[in-house]
There are 2 protein chains.
Amino acid sequence: MQRFKVLAAVSMVAVTTSSFAYANDELVKMQENPKNWVMQLGDYSSTRYSKLDEINKSNVGNLQVAWTFSTGVLRGHEGGPLVIGDIMYVHTPFPNKVFALDLNDNGRIIWKYEPKQDPDVIPVMCCDTVNRGVAYGNGMIFLHQADTTLVALDAKTGEVKWKVQNGDASKGETGTSAPMVAGDKVLVGISGGEFGIQGHMTAYNIADGSMAWRAYTSGPDDKIMLDPEKTTYLGKPVGKDSSLKTWEGDQWKLGGGATWGWLSYDPELNLVYYGSGNPGTWNPTQRPGDNRWSMTIFARDLDTGMAKWVYQMTPHDEWDYDGVNEMMLVDMDVDGKTHKALVHPDRNGFAYTLDRETGELLVAKKYDPAVNWATEVVMDPSSDQYGRPQVVSDYSTDQNGPDVNTQGVCPAALGTKDQQPSSYSPKTGLFYIPTNHVCMDYEPFQVSYTAGQPYVGATLSMFPAPNSHGGLGNFIAWDASKGEIKWSIPEPFSVWSGALATAGDVVFYGTLEGYLKAVDAETGKELYRFKTPSGIIGNVTSYEHDGKQYIAVYSGIGGWAGIGLAAGLTEGTEGLGAVGAYRSLSSYTNLGGQLTVFALPD
Amino acid sequence: MQRFKVLAAVSMVAVTTSSFAYANDELVKMQENPKNWVMQLGDYSSTRYSKLDEINKSNVGNLQVAWTFSTGVLRGHEGGPLVIGDIMYVHTPFPNKVFALDLNDNGRIIWKYEPKQDPDVIPVMCCDTVNRGVAYGNGMIFLHQADTTLVALDAKTGEVKWKVQNGDASKGETGTSAPMVAGDKVLVGISGGEFGIQGHMTAYNIADGSMAWRAYTSGPDDKIMLDPEKTTYLGKPVGKDSSLKTWEGDQWKLGGGATWGWLSYDPELNLVYYGSGNPGTWNPTQRPGDNRWSMTIFARDLDTGMAKWVYQMTPHDEWDYDGVNEMMLVDMDVDGKTHKALVHPDRNGFAYTLDRETGELLVAKKYDPAVNWATEVVMDPSSDQYGRPQVVSDYSTDQNGPDVNTQGVCPAALGTKDQQPSSYSPKTGLFYIPTNHVCMDYEPFQVSYTAGQPYVGATLSMFPAPNSHGGLGNFIAWDASKGEIKWSIPEPFSVWSGALATAGDVVFYGTLEGYLKAVDAETGKELYRFKTPSGIIGNVTSYEHDGKQYIAVYSGIGGWAGIGLAAGLTEGTEGLGAVGAYRSLSSYTNLGGQLTVFALPD
Ligand SMILES: O=C(O)c1cc(C(=O)O)c2c(n1)C(=O)C(=O)c1cc(C(=O)O)[nH]c1-2
Ligand SMILES: O=C(O)c1cc(C(=O)O)c2c(n1)C(=O)C(=O)c1cc(C(=O)O)[nH]c1-2
């Protein structure tokens, strides 16, 4: 019976293959079915929540490994598998292989796609050869390759339906982010903030890969697709040339603002949400101004691409606090009023709650007490500082100037949280956030631009937050309406893995040493741990097959935190400053590339 | 209490570090303690039997994965971990890393050794970049690197105690075999039979790595260390120039006879046992004669290196049936008489039982009914064919001659069994043999020698044994005193993993698709299977820690059978003819390199 239903779901997919207009409806329906895991962040709201509850807080301690799969590729494995009916889709870092595994036949490989990519792209990937996963829609699997090729594969056969080139790797434009399918479009960002690229978000028509719209991060209003009158910033029209005015001369053309993070979508508002990354270079005195719209949350109309509202979290970034982290769309009460909210734990150490319809700022609070670069975000609408963080001069790498080592800045460049996505449980109303607890010394220096060469201009070194537990991370439960930490689990290393909350009142996450951990959603009490083959920077997912709930996660150390191991770097300041802090990881784990799937005993 | 004993065992090791004369006694004692796994084949008798019985045939179905470890290296993982007290030693294929893992601390890496080796050795390794494991003795871990360096590492710190060069990779001499420590010596063979090398077995003094003796496979009597009068062949002295007489001119100098297989040792007789590989080239008409002592079992005195007896299984090889498989030393009754026996399931498809003291031939029977190249081995001592296989002309690649495709020879060149070691249970008296069920077409051609270049001279293609179950392997139980198959489990692929029998009446083995399987030692009934990350060509081992029994095995597809996947080859005749037969493996598994450790639930 169970089996029959799953098969039925699959054939439904097949039937809709040619009716592109319904991609959106199909995915909305599919994300409702917790047997599937249809998009990287679980649903359009990016909550990474599973309604399955067979595995719960009283039995999760009995979890067992059900089966495993080696991807045949080493280095950082970000993202996670998708499950659509009886098929699991597994992807890898460069060279970005994709496998379709038959869940009815012990994970037998139905098809595989192995793109031929020029390995020259590897040295222009800032933070390991990662890929945050494939997307599903209209009977197709969408892969965003390192070389920025976006490929549409037939989900049943692996056949290439179309391909499009989203950027130019020879200029340092690369692909690491997961695409998102919404409506009749597939949206994809671009990486290269450390190479003087110009960030953009692009929507391709799912039917044939033709471009529907492309919106840049910085530049003239038409290029960034915002309307001086209608697009708002904290409730007010942004006005003409809102970006150009905040850059000196043509600097915006090398201005970064890459869009390498996560996308969310509200089907009712028909708005897509994502953030932009750091302005280039990392030497802030070289690029005076607010550098808009780097470090910004964008709410854009899916059909037109036009921005409805924007909010810049870190004007004139001096620390590399990319604004690309996930946007969780949850309706909630803040100060007694119900909002369609957007919750965004930013890299700069503040977790923001905004009204996702209007862009109104509701909450902005530190989610790691170590954060010291700013005292607060001004919440008074009448202040000229409204919505801006109040920078502490001691930690201002701009005020201290180039060739001065600004010491003890918290968080470090990789933020209180980086790409690792959070989870939200509607049962507890809490957000579960994998965090970094890392500070840094930061010394900017003058740098000049050469196409395809790093455009960084700062020497960093990172270390655990001082006067704390000595570790590099915490896993926290966050109350986003109050802006309060509910509980915090200290971790020896940053938690670089995406969290999963379930209806079983359990929250899962992985650690850089390689543990999959399960904790009580209410209290954070550890209920289970298992040492997987390699460090975990993948995101935990759950699905049901043949009436049984499974938990799946990739192992494979890497990403920025694991770059020392992944790329064989040993100097403390190598890997953009991350190598030193995470050096001792090599006592716990090696490179890997495996999927581990867990279940309760029969 | 349990814990205390283990610690005591470890300090005993430390105490004996400087008393080299007792290596032998120490290992004899250590192999008695089933908590350890002190040598690759379990004990000096190469029985791969564990006296542990916590995991037994009624509870093995509940086995769970306890922990896992990625080696950070891909390609074929042969051999297995050693366990000495609280430390597990894990090794990898090229570049031959060694890890010491702390079993008291979740497998934390105590030390690692990462040799720097010239990757030029890879193309001169015939059958993947495999390594069959490290050896322990006198507080040291011995690693035989691909480039033939033999390294002695301090077992506690990983510090290099000494190193010695055993061969010359530029001539095609490589290292894949596990060393064996016996007495005050460490013995090591050499690979390169496909490169016109001259095989030899060498004993190094454990104290400083100086050479104690080296015995060649072919050549003058003094070089091959045999005494024309005292060394016997089937009970008779071999006579003068027993090797030279069987080669034309100087051909023995390129004669192969590599010693890349397993070693055994009988401490009472003070004899070491091993086999030699194929004569070069694979074109037999090019090297007339019996090509002694290729394809031969040697029994040598440990102290002097002198051969006590020899037995050539495949005189004048025409099929690449290397004689290097394991020699299991078991006392047993044959025809009503008790013998100190040696059981050797040879690659040529006959399993031999000999008296290991005298070299007398007791049993020689086909252990796969598909074997067709010879009708029988003559057992009548009065026959001039005594001890010789009776070759079937149809399948004689020599009689058919060069440039003729001899078709349907069974077994294929990789034999009825290759490097995958068997296991013996004293409880059932049966030998558990992982086998190949593969046949071939073989077309020899004229070839000339160039140092460091393949010296092969035959085109092969392999396929499942016809008129059988369609698979490429069987896992069998063998009665070595009668020469009979007790039961046989058909497998879709060759069983390239080493077996383990335990006192729990369970036999374990791995499959190329990646399953660890447990079967009933009496009946062969499957009791458990688990899909590990990658194909298994490693050997299953067992140990006890903190009062609990564990089963451990490497995954990592490769070796000759997996060479297509491991080296990315796709032509059917590539990989010395193995690629075609095993092509569909790519639907089941990918490259990997993981240790999976199993235990019963708490
Ligand atoms: O500005 C960019 O283009 C860009 C790209 C990426 C990326 O594509 O992985 C990262 C970053 N920046 C970055 O700042 C960062 O902290 C980071 C971490 C990681 C990772 O996967 O661990 N990628 C990236
Ligand atoms: O003659 C040689 O020197 C030699 C070496 C090796 C090796 O070192 O692995 C193999 C063989 N021959 C060989 O014939 C063979 O079947 C084989 C299989 C394997 C393997 O690891 O799977 N190695 C070897």
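Values in this document were obtained by computation on a predicted structure and should not be read as measured data.

## Some thoughts on the overall build of chain A
Argument step 1. On a plain count of helices and strands, chain A comes out with five helices and 40 strands.
Argument step 2. The principal-axis extents of the C-alpha atoms in chain A amount to approximately 65 × 55 × 50 Å.
Argument step 3. Each of the 602 residues in chain A was classed as buried or not, and the buried ones make up 68%.
Argument step 4. Across chain A, the fraction of contacts at a sequence separation of at least 24, relative to all contacts at a separation of at least 6, is 61%.
Argument step 5. Accessible surface computed for chain A: about 18200 Å², of which carbon and sulfur atoms make up 49%.

## Remarks on the interface of chain B and chain A
Argument step 1. In this complex, chain B contributes 30 residues to the contact, which on the side of chain A involves 31 residues.
Argument step 2. Both sides together, the interface formed by chain B and chain A hides about 2500 Å², and carbon and sulfur atoms give 46% of it.
Argument step 3. The tally of links between chain B and chain A comes to zero salt bridges.
Argument step 4. Our enumeration of links across chain B and chain A arrives at 23 residue pairs in polar contact (both at pLDDT 80 or more).
Argument step 5. Taken together, the elements giving at least two residues each to the side of chain B that touches chain A come down to strand 2 (64-70), strand 6 (108-113) and strand 37 (526-531) of chain B.

## Some thoughts on the UniProt feature "binding site: pyrroloquinoline quinone" (unreviewed entry) in chain A
Residues and elements named next belong to chain A.
Argument step 1. If you check UniProt for "binding site: pyrroloquinoline quinone" (unreviewed entry), the listed places come out as Glu-78, Arg-132 and Thr-176 in our numbering. Taking the farthest pair of C-alpha atoms as the criterion, the annotated set spanning 99 residues converges on one region, since that pair is 9.2 Å apart.
Argument step 2. Tracing the backbone shows Glu-78 in the loop between strand 2 (64-70) and strand 3 (82-84).
Argument step 3. Overall, the relative accessible area of 2% leaves Glu-78 in the buried class.
Argument step 4. Among residues more than four places away in sequence, those in contact with Glu-78 are His-91, Val-130, Asn-131, Arg-132, Gln-419, Trp-496, Ile-537, Gly-538, Tyr-554 and Gly-559.

## Things to note about the pattern of salt bridges
Argument step 1. Considering all chains together, one arrives at 52 salt bridges over all chains under this definition.
Argument step 2. For the salt bridge of A:Lys51 with A:Glu32, the shortest nitrogen-to-oxygen distance reads 3.4 Å. In this pair, A:Lys51 sits in the loop between strand 1 (49-50) and strand 2 while A:Glu32 sits in helix 2 (residues 23-32), placing the two residues 19 residues apart along the sequence.
Argument step 3. Taking the relative accessible area as the measure of exposure, A:Lys51 reaches 42% and is therefore partly exposed.
Argument step 4. Between B:Lys185 and B:Asp303 there is a salt bridge, with the nearest N and O atoms lying 3.9 Å from each other. With B:Lys185 in strand 12 (residues 185-188) and B:Asp303 in the loop between strand 19 (296-301) and strand 20 (307-312), the pair connects residues that are 118 residues apart, well separated along the chain.
Argument step 5. Judged by its relative accessible area of 47%, B:Asp303 is partly exposed.
Argument step 6. One network of salt bridges, in which partners are shared, links A:Asp320, A:Asp322, A:Arg347 and A:Asp418.

Rules and cut-offs
Residues numbered from 1 in each chain as written. Chains lettered and ligands numbered in written order. Predicted model: local features only at pLDDT ≥ 70, side-chain atom pairs only at ≥ 80, totals over all residues. Heavy atoms only, no water. Helix = DSSP H or I, 4+ residues; strand = E, 2+ residues; numbered from the N terminus. Buried < 20%, exposed > 50% of the residue type's maximum accessible area, 1.4 Å probe, protein only. Contact = heavy atoms within 4.5 Å. Areas by Shrake-Rupley, 256 points an atom, 1.4 Å probe, with all protein chains shown as cover. Buried area = accessible area lost by both parts, 1.4 Å probe. Salt bridge = Lys/Arg side-chain N within 4 Å of Asp/Glu carboxyl O. Polar contact = N/O pair within 3.5 Å; in protein donor to acceptor, adjacent residues only side chain to side chain. UniProt positions renumbered as here; feature names shortened; annotations may be inferred.

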